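Overview (structure and organization)
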Amino acid sequence: MSTTTVAHHDEHHDDHPTGIMRWLTTTNHKDIGTMYLTFSLVMFLVGGSMILGIRAELFKPGLQLMNPEFFNQLIGVHALIMIFAALMPAATGFANWMLPLQIGAPDMALPRLNNWGFWILPPSAILLTLPFTLALFGVGDGALATGWTFYPPLSVQGGIGVDFAIFAVHLLGISSVLGSINIIVTIYNMRAPGMTLMKMPMFAWGWLITAFLLIATIPVLAGAVTMLLTDRHFGTHFFDAAGGGDPIMFQHLFWFFGHPEVYILLLPVWGFIPQILQTFSRKPMYGYKAQVYSLWSIGALAVVVWAHHFFTAGMPVPALLYFMYSTMAISLPLAVLFYCWIRTMWKGSMSFETPMLFTVGWIILFGIGGLTGLVLADVAADAQYHNSYFVVAHFHYTLFAGGIMGIMAGVYYWLPKMTGHMYNEKLGKTHFWLTAISFNVTFIPQFFVGLAGMPRRIPDYALQFAEFNMISTVGAFVLGLSQLLFVYIILSCVKGGKKATDNVWEGAQGLEWTLPSPPPYHSFTEQPVVK
Amino acid sequence: MASHSENHYFVPHGSIYPALISVGLLSMASGFVFNVTGSDTRLDGSIKNPALSYLATPGKYMMYLGLAIILTMMFKWLSTVVTESITGQYKKWEDKSFRIGMIVFICSEVAFFAAFFGALFYMRVLSVPDLASYAPDITPYKDFLSAWPSQGPGGTVLGEAYKPNPEFHPMSWSGLPLINTLLLLSSGATITWAHWGLIKNNRKQLIIGLFLTIALGVTFLCCQAAEYHHAYTEMGLTLKSGAYGATFFMLTGFHGFHVTIGTLMLIVIWLRSIKGHFTPEHHFGFEGVAWYWHFVDVVWLGLYIFVYML
Amino acid sequence: MQGMKKLGVGAFALFLSLSARADFTWNFPEPVTPMALDTLHVHNKFMLITAVIFVAVLAIMIYSIVTHRHSKGYKPVADKAPSTAVEIFWTLIPFAILLLIDFVIMGIPAYHSVVMMEDTRDQSTMVIKITGSQWRWQYEYLDGDAKGIKFVSNLATSNDQMHNEADKGEHYLLEVDNPLVLPVGEKVRILMTASDVLHNWWVPQFGSSRVAVPGFIRETWVQVEKAGVYRGQCKELCGKGHGYMPVVVNAVSKEEFAQWANKKQDEQKAANDVKEMTKDELVAQGKVVYEKNCAVCHQVTGAGLPPAFPALTGSKIATGPIFGADGKYQKDSHLDRVLNGKGVMPAWKATLNDTEIAAVITYERNALGNTAAVDALVQPAQVKAARE
Ligand code: HEA
Ligand code: HEA
Ligand code: CUA
Ligand SMILES: [Cu+2]
C-alpha cells in the first residue's frame, strides 16, 4: 500500500447524461461551477440593464422615463440581483471549479447537495423579477420598492413585491447555506494528503472564512425577513411601536447580516488576488501567514460592527463610539493585506496580461473604496454622508471595483484552464481599459454630488446636481456596453482559440496548473501528495 | 484492491431530485404569496386587497402542489441515500463528510434561533423601556409603563388601530411548560440510551429507546398544542399580543416545528432500525438525527429560561 | 486605446468646467452651525489623511510597476525561504500606521464631535417637534415665543416643472409652501418622530440628520449662526414621494422671529374660528388643499393610480352619503376616510384644520368629475363636531 490515495469514481458514472439532463442532474463540480458562473453572468447583465434604466432617468432633472414607484423598484431589484445573483454565485462558481482542483480533491464533498444549491438560484431569480411581469397583467403593483434593505415600516406598507422578495431571500439563503456547508466539508475533509491547512491555497482560506460568515449570518437575515412577513400578514408587532417593537430592530438584524455580507462578497476575491499576483510577479506571495491571520480577523470583526449603517438612527453615545472604533479597526487587517499584495509585486518580474491588469486596477480602485469606507466610519461626518451619493460611490468602488472587477480578474486568469483555449489578449486589455475608465467616469462624479448634498434613491434632483449626473450616466452606458465585449470574449474563448498549455501562465503555482487544460471530467483520478 | 476501496470517495450519480425540489419551492413560495395577498385581513377583520382576493384559491393549490413535490422528492432522495448506505457505498471518508456537514448545518440553525432570541432581548431591554421613557408632555403613550411581559402601548400604525388586550395573561413557567421541559429532557436521555444499545449491538434496546423518544416527542407536541389552545381561548394571548405574543409564539412555534421535523426523522430511523439498518460502526443516519434532537433540546432549555421563567 | 484616452481626457475636461453653477460645491456646502463646521473639519482632515495614504501607496506601486517588469528583463528577487518572524514584523508596520491614524489622529477628533453632536439639551433655548409623514414635514413649536404654532410644509414645485412641461425654477424640488422659521443664534433642540414610515430630516448646511421613527422620539439640535434660507431633503427612502419631501429653513434674527411668531399665531387663531362658508368658497379653497396634499396619490385629475391609489372620480365614497340619520358621520364615509385614513391613506385629522378638511371634501364631491347627490357640502362646523 503506497501513500498515494486513489480516488476512483463509479465506473458507470462516466457515461453521464447529455443535453439538458446533464445540467439538471449533474453532480460534477465543474459542471456545477460552470452553471454558477453562467447564471452569474446572465444576472449581471439583467441587474446592469435595470440600473441603466435608472441612470437614464437621472440623465437630467425632471421625470422622463418612469414614475417614482418603478424607479424605486428598479433600485432594490438591481441591488438584490447584483449582490445575491451575480456576485455571490460568481464566487461560488469559482469555488466549485477551483477548490477541488486546488486542494487535490476528487470532487466536492456533497455533490448532490451541491447541485441543489445551484438549482435553487433560478427559482429565486424568478421570484425576484416575477412581480414586474405580474404588474403588467394587473396583479399587484410591481417589485419591492423599498431598496434592497427592506426597512420597515415601508416594507410592511409595500405590496406583493415585498412578499416575493422575502421568499427570494429565503431561497437565496438556503442556497448559500448549502454551498457553505459543502465548502467547509470539502476543505476539512477532502484535502490531498500532506496539504495541511497552513499549506492551503489562499483562495481556500478566503472561502472557508466566507462560509463561516455565511453560516453565522444568513440565518439571521432569514429570521429578520420572516418577522417582516409575519408583521405584514399575521399581525405580529416586531417592527411596530404600538406593540412594543421597533423599526430600528430590523436594521440591527438586517445589518448583522448585511455588513458581514460585504466581506462575504470580497473574501473569496481576497483569496485569489494574491494567487494572481504571485503568478504574474513570478515570485511567491508575500506574508502568507500574515494574510491568513488578517482574513481571520476581518471575519471576526465583520460580525461586531454592523451598526455603522445606521448611525443617524439614534443610538446612545457609547454605542456610537463602540461601533465607530470597531469599524475603523477593520482597516488594520486590510492595511496588512494591501501591504502584502504590494510587497508581492515588489521586485517581482511583472508582466501585464489581462488578469494582472485587472488585479492592479482592482487594488487601486478597491483602495479608494476602502479608504472612503474608513471615512464613513466616522459618526459625526457620517451624518452628512449617510444615504447620500457619497455612500453610493463608496460601495460601488467596493462592490463593482472590489467585487466584479476582482471576479473578472479571476475569469481571465482561469478561463484558459476551464475552456482549454486562450482568450483574445488584445480584446481583454481593451475590455480592462474601457471598464476601468468608464467605471471612474460613472462613480467619481457621485462622490462629489454626494458631498454637495444629493440623497440617494431619488428619481429626480435639484438643478445644481445636473452636470455630474449627466457625466455619470454617460459613464454608466459606456461601462455597460463594455461588458458586452466581456461577454463576447468569453463566448469566443469557449468556442475556440489558441490551445492553452497545462500551465497557461509562466509563473503559475498550484495544483490546478498540473492538470491538462481543460481538466478531464474527473479531475484527480489519483489524489496528489503535497510535500 | 483492498486499499483501493478504502480511499475511494463516492461521487453519486446525477440526480433530478434537487432540481425538482427547487421547482416545488418556487411553486410553494409563489403560491403562498398569492394566497396571502388574496386573503389577508387587517386587524379589524376587513380584507386588505379586495381587488386581488381571486388570487387566494389558486395560490392555495400552488402551495399544496409545491409541498407535494417537495415531500415526494425528499422521500425519493432519502431512499436513494438509504440504498446507497446499506449497499455499503459510504465508508469512513464519506461518513466524515456527513458528520461535518451536519454539525455545520446545526450551527446555521442556531443562528436562526439567535435572531429570534435577539429580537426578544431587544424588545425587552431596549424598545419597550424606550417607549415608556419619554417625558409626559411629548409622549404619544401617556400611561404606558415599562414592564415585561408587554403587549406594547397600542396606537395607530399605518392606518390600523391596535389595542392591547386588557384580559391578557402571560404564560406561566409551571404547569404544562414544566412538564414539557421534563418530557424533552427525558427524551434526550432515551435517545442516548438507544445509542448505547446500538453501539452494544443490542437491537432491542435501540428500538425501544427510539420508540420512547418518539413517544416523548409526540407527547411534547400534544402538550404544546394544548398550551396554544389555552393561550388563544382563555388567556387572551395570541400572535397579535404585541411584543410578548410575537416573540412567544414565534420562538415556541419555530421550536415546535423543529420538534416535528425531528420526530419525523426519528420515526424514519426507528423504521430503519426495525428493518435492521445501522451497524455499531456505521450509523451516521442515527447520529445525525440524535444530534439534531439534542440541538432541539438545548433550544428548548433556552426558551424555557428566557421566555417562560425570566 | 487612443480613442479611450481621448474619451477620458474629454470627460475630465468636462469635469473641470463644472464649477459653473453657483450653488454647487465641491465639498460639503458652507457650514452654518457649529456642528456642521465641526463635521466639515473632521471630514477635511480625514480626506486629507486618506489622500496622503492613497498617493503614497500608489506611488510605491507605480514605481514598482514601472521598474520591476518582466519585459524589461527584471529578475525577481529570490525571496529567501520566508522567515515568518521577519514577515510578521514587516506586516506590523502598516498595522501600526493605521492604528495610529484610526485611533489617535482620526479617533480623537471623532470622539469630540460625537459627544458634541449628541448633546442636545445643554443650553438649548427652544424645542421644536418635527414629524415626518408621507410626504411632508410637520413642524410644531413646543415652547418660547412661538409656542403652539403648528404647520405643515409641502413641496411647492409644480407638477408641470417635474414633467418637463414648464421651465424649472431656481430651487426646483427644494422649495416649500411653509418653511420652518428659526431664530439665529439659538440652540434649538429638535424632537423627531414620524407618523407612518421612516424619514430623515436633513439640511446639509446644518450637519445634522436624524431618522424619524414612527412611535419613537429621536433628538438632535441646530444652532444656525447666519441668517438665510437653507435647503435640504428627506434622506431615508419613504416611498414614491421620497424625492419630493424637501426641507426649507428660514433663519431670521430674533426680532424678526418674534414678529413672525406673533403673526403666525394670529393666523392660526383665525383659521380655527369656524365660520359658515359658501360652496364656491369651499371648492376654491379645497382645490388648493387638494393639489397640495392629495394630488400626489390621487392625481390632480382625481384619476388616482389604481390599484395602489384609488380614483376619486366616480368613487362610491366620494359621492355617497356622509351623515347618517342621527347626523353623525358614518363609518367608511368620505369624512371618515379623510379624518382617520385607512392603510396607506393617511389620517388627516392631525394635519389639516377643520376648514381645510371641509373644503377638500366639498371640492372632491363637486369637482374632479363628481357631483354628489347627497351631502354635497360639508361645513367646517360639521368637521369640528366630527372630531369630538
Ligand atoms: C464589498 C463591499 C464593501 C466593503 C469591502 C466595504 C468596506 C468598508 N465599508 Fe462599506 N459599504 C458597502 C460595501 C462595502 N464596504 C455597502 C454595500 C454599503 C451601503 C449599503 C447600503 O446602505 O445600501 C456600505 C456602507 C458603509 C457605511 C455606511 C454608510 C452610511 O450609510 O452612512 C460605512 C460606515 O462606516 C462603511 C464603512 C466601511 C469600512 C470601514 C470598510 C472597510 O472594510 C474598508 C477597509 C479598507 C481600507 C481601510 C483600505 C486600506 C487601503 C490602504 C491602506 C491603501 C490603499 C491605497 C492604494 C491601493 C493606492 N460602509
Ligand atoms: C455587486 C453589486 C453592484 C454592482 C455590480 C452594481 C453595478 C452598477 N450600479 Fe449599483 N447598486 C448596488 C450594487 C451594485 N451595483 C447596490 C447594493 C445599490 C443600493 C441599492 C439601494 O439603494 O437599495 C446600488 C445602487 C445604485 C445606484 C443608486 C440608485 C439610487 O440610489 O438612486 C446607482 C446609480 O447610479 C447604481 C449604478 C450602478 C451602475 C452604473 C453599475 C454598473 O457597474 C453596471 C454595469 C453593467 C451593465 C450596464 C450590464 C451589462 C450590459 C448590458 C446588459 C448590455 C446593455 C447595455 C447597453 C445597451 C448600454 N447603483
Ligand atoms: Cu421622507 Cu424620504
Ligand atoms: Cu458595513
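These numbers were taken from a predicted model, which means no experiment stands behind them.

Notes on the environment of Leu131 of chain B
Here Leu131 of chain B lies in helix H4 (residues 92-132). On the basis of relative accessible area, Leu131 of chain B is assigned to the buried category, the value being 0%. For the pair Leu131 of chain B and Leu145 of chain B, spaced 14 residues apart in sequence, the C-alpha separation works out to 8.5 Å. Here Leu131 of chain B is in contact with Ala241, Gly244 and Gly245 of chain A, Thr139, Tyr141, Phe144 and Pro153 of chain B together with Gly215 and Phe216 of chain C, once residues within four sequence places are set aside.

Remarks on the interface of chain B and chain C
Contact residues are listed per partner, giving 11 residues for chain B and 10 residues for chain C. Here chain B meets chain C over a buried area of about 990 Å², counting both sides, of which 61% is carbon and sulfur. For the pair chain B and chain C, the number of links is two residue pairs in polar contact (both at pLDDT 80 or more).

Side note on the site of ligand 1
All names here are of chain A. Taken together, 32 residues sit near ligand 1, with Tyr263, Asp382, His386, His394 and Arg456 positioned nearest. Measuring from an oxygen atom of ligand 1, one finds a side-chain N or O atom of Trp148 at 2.8 Å. Within the side chain of His386, an N or O atom sits 2.8 Å from an oxygen atom of ligand 1. Taken together, the residues of the shell around ligand 1 break down into 20 nonpolar, 10 polar and two charged.

Structural notes on the coordination of the copper ion (ligand 4)
All names here are of chain A. Bound to the copper ion (ligand 4) are the protein donor atoms His259 (ND1), His308 (NE2) and His309 (NE2), situated 1.8 to 2.1 Å from the metal. Donor residues for the copper ion (ligand 4), ordered by position in the chain, follow H-x48-H-H. A spacing of 4.5 Å is found between the copper ion (ligand 4) and the iron atom of ligand 1. With a gap of 50 residues between them, His259 in helix H9 (residues 247-281) and His309 in the loop between helix H10 (288-302) and helix H11 (317-329) connect regions that are remote in the sequence. The class of His259 is buried, set by a relative accessible area of 4%.

A word on helix H4 (residues 107-118) of chain C
The terminal C-alpha atoms of H4 of chain C lie 17 Å apart, and with 12 residues this matches the ideal 16 Å at 1.5 Å per residue to within 8%. Listed as buried for H4 of chain C are Gly107, Ala110, Ser113, Val114, Met117 and Glu118 of chain C. Buried residues of H4 of chain C fall within an arc of 120° about the axis and therefore sit on the same side. The secondary structure elements touched by the buried residues of H4 of chain C are H11 and helix H14 (379-385) of chain A together with helix H2 (34-67), helix H3 (84-105), strand E7 (208-212) and strand E8 (218-222) of chain C.

Side note on the sheet that holds E8 of chain C
Residues and elements named next belong to chain C. Taken together, five strands build an open sheet; the order of strands is E3-E2-E1-E5-E8 and the sheet is mixed. Because the sheet does not close on itself, it has two edges, and the strands there are strand E3 (150-153) and E8. Across the sheet, the axes of successive neighbouring strands diverge by a mean angle of 25°, strand direction being ignored. Where strand E5 (residues 188-194) and E8 come together, five bridges link them in antiparallel fashion. Its bridge partner being in E8, Val188 is matched across the sheet by Val222.

Notes on the domain arrangement of chain C
Residues and elements named next belong to chain C. Structurally, chain C comprises domain 1 (24-118), domain 2 (126-159 + 172-269) and domain 3 (273-387). On a C-alpha basis, the centroid separation for the pair domain 1 and domain 2 is 39 Å. Contacts between domain 1 and domain 2 engage 12 residues on the former and 13 residues on the latter. In this assembly, domain 1 packs against domain 2 so that about 1,100 Å² is buried in total across both faces, 55% of it on carbon and sulfur atoms. Counting across the interface, domain 1 meets domain 2 through two salt bridges. The salt bridge partner of Arg210 is Glu118, with a shortest N-O separation of 3.3 Å.

Digging into the sheet that holds E7 of chain C
Residues and elements named next belong to chain C. Ordered by their spatial adjacency, five strands build an open sheet running E4-E10-E9-E6-E7, and the pairing between neighbours is mixed. With partners counted over all chains shown, the strands left at the sheet margins are strand E4 (180-183) and E7, one partner each. For this sheet, the mean inter-axis angle between neighbouring strands, taken without regard to orientation, is 25°. Looking at chain direction, E4 and strand E10 (residues 246-252) are connected through four bridges and run parallel. Bridge pairing links Leu182 to Ala251 in E10.

Looking at the packing of helix H3 (residues 68-103) of chain A against H9 of chain A
Residue and element names in this part refer to chain A. Following both chains from N to C, one finds H3 and H9 inclined at 40°, their axes separated by 11 Å at the closest point. Between H3 and H9, the interaxial angle falls into the category oblique. Seen from above, H3 lies across H9 with left-handed handedness. Here Ile83, Phe84, Leu87, Met88, Ala91, Phe94 and Gln102 of H3 come into contact with H9, specifically with Phe257, Glu261, Leu265, Pro268, Phe272 and Gln275. The residue inventory of the contact of H3 with H9, partitioned by class, reads 10 nonpolar, two polar and one charged.

Comments concerning the side chain of Gln291 of chain A
Residue and element names in this part refer to chain A. Assignment of secondary structure puts Gln291 in helix H10. From its side chain, Gln291 meets the backbone oxygen of Tyr286 in a polar contact 2.9 Å long. Those residues in contact with Gln291 that sit more than four places away from it in its chain are Met202, Pro274, Met285, Tyr286, Leu337, Cys340 and Trp341.

Structural notes on the side chain of Lys417 of chain A
Residue and element names in this part refer to chain A. Of note, Lys417 is situated in helix H15 (residues 389-419). No salt bridge forms around the buried Lys417; measuring N to O, its nearest opposite-charge neighbour Asp502 is 5.4 Å away. Among the polar contacts made by the side chain of Lys417, one reaches the main-chain carbonyl oxygen of Asp502 at a distance of 2.8 Å. At 2.7 Å, the side chain of Lys417 forms a polar contact with the backbone oxygen of Leu515. Beyond its immediate chain neighbours, meaning those up to four positions away, Lys417 contacts Met98, Asp502, Val504, Glu512, Trp513, Leu515, Pro516, Ser517, Pro518 and Pro519.

Focus: the environment of Leu178 of chain B
All names here are of chain B. Relative to the elements of secondary structure, Leu178 occurs in helix H5 (residues 176-199). Residue classification places Leu178 among the partly exposed positions, given a relative accessible area of 33%. For the pair Leu178 and Glu94, spaced 84 residues apart in sequence, the C-alpha to C-alpha distance is 41 Å. When sequence neighbours within four positions are dropped, the list of residues in contact with Leu178 reads Trp173 and Tyr304.

As for the site of ligand 2
Residue and element names in this part refer to chain A. Taken together, 36 residues lie near ligand 2, and Arg55, His78, Trp148, His396 and Arg457 sit nearest. Taking His78, its side chain carries an N or O atom lying 2.8 Å from a nitrogen atom of ligand 2. Breaking the shell around ligand 2 down by element, the ones donating at least two residues are helix H2 (29-57), H3, H15, helix H16 (425-452) and helix H17 (466-495). The residue makeup of the shell around ligand 2, split by class, is 24 nonpolar, nine polar and three charged.

Observations concerning the packing of H9 of chain A against H10 of chain A
Residue and element names in this part refer to chain A. Following both chains from N to C, one finds H9 and H10 inclined at 170°, their axes separated by 10 Å at the closest point. The pairing of H9 with H10 is recorded here as roughly antiparallel in orientation. On the side of H9, the interface is formed by His259, Pro260, Tyr263, Leu267, Trp270 and Pro274, while H10 contributes Gln291, Leu295, Ile298 and Ala302. Among the residues forming the contact of H9 with H10, the class breakdown is eight nonpolar, two polar and no charged.

Rules of the game
Residues numbered from 1 in each chain as written. Chains lettered and ligands numbered in written order. Predicted model: local features only at pLDDT ≥ 70, side-chain atom pairs only at ≥ 80, totals over all residues. Heavy atoms only, no water. Helix = DSSP H or I, 4+ residues; strand = E, 2+ residues; numbered from the N terminus. Buried < 20%, exposed > 50% of the residue type's maximum accessible area, 1.4 Å probe, protein only. Contact = heavy atoms within 4.5 Å. Buried area = accessible area lost by both parts, 1.4 Å probe. Polar contact = N/O pair within 3.5 Å; in protein donor to acceptor, adjacent residues only side chain to side chain. Near = heavy atom within 4 Å. Nonpolar A, V, L, I, M, F, W, Y, C, P; charged D, E, K, R; others polar. Donors = N, O, S within 2.8 Å, 3.2 Å for Na, K, Ca; no water. Expected span 1.5 Å × (residues − 1). Arc of directions from axis to C-beta. Pairing = 2+ DSSP bridges. Axes fitted to C-alpha atoms, helices over the stretch in contact; angles between N-to-C directions. Domains from an automatic or database assignment. Salt bridge = Lys/Arg side-chain N within 4 Å of Asp/Glu carboxyl O. Parallel < 35°, antiparallel > 145°, perpendicular 65-115°, else oblique. Left-handed = near helix turned anticlockwise from the far one by under 90°. Lys, Arg positive; Asp, Glu negative; His and termini not counted.

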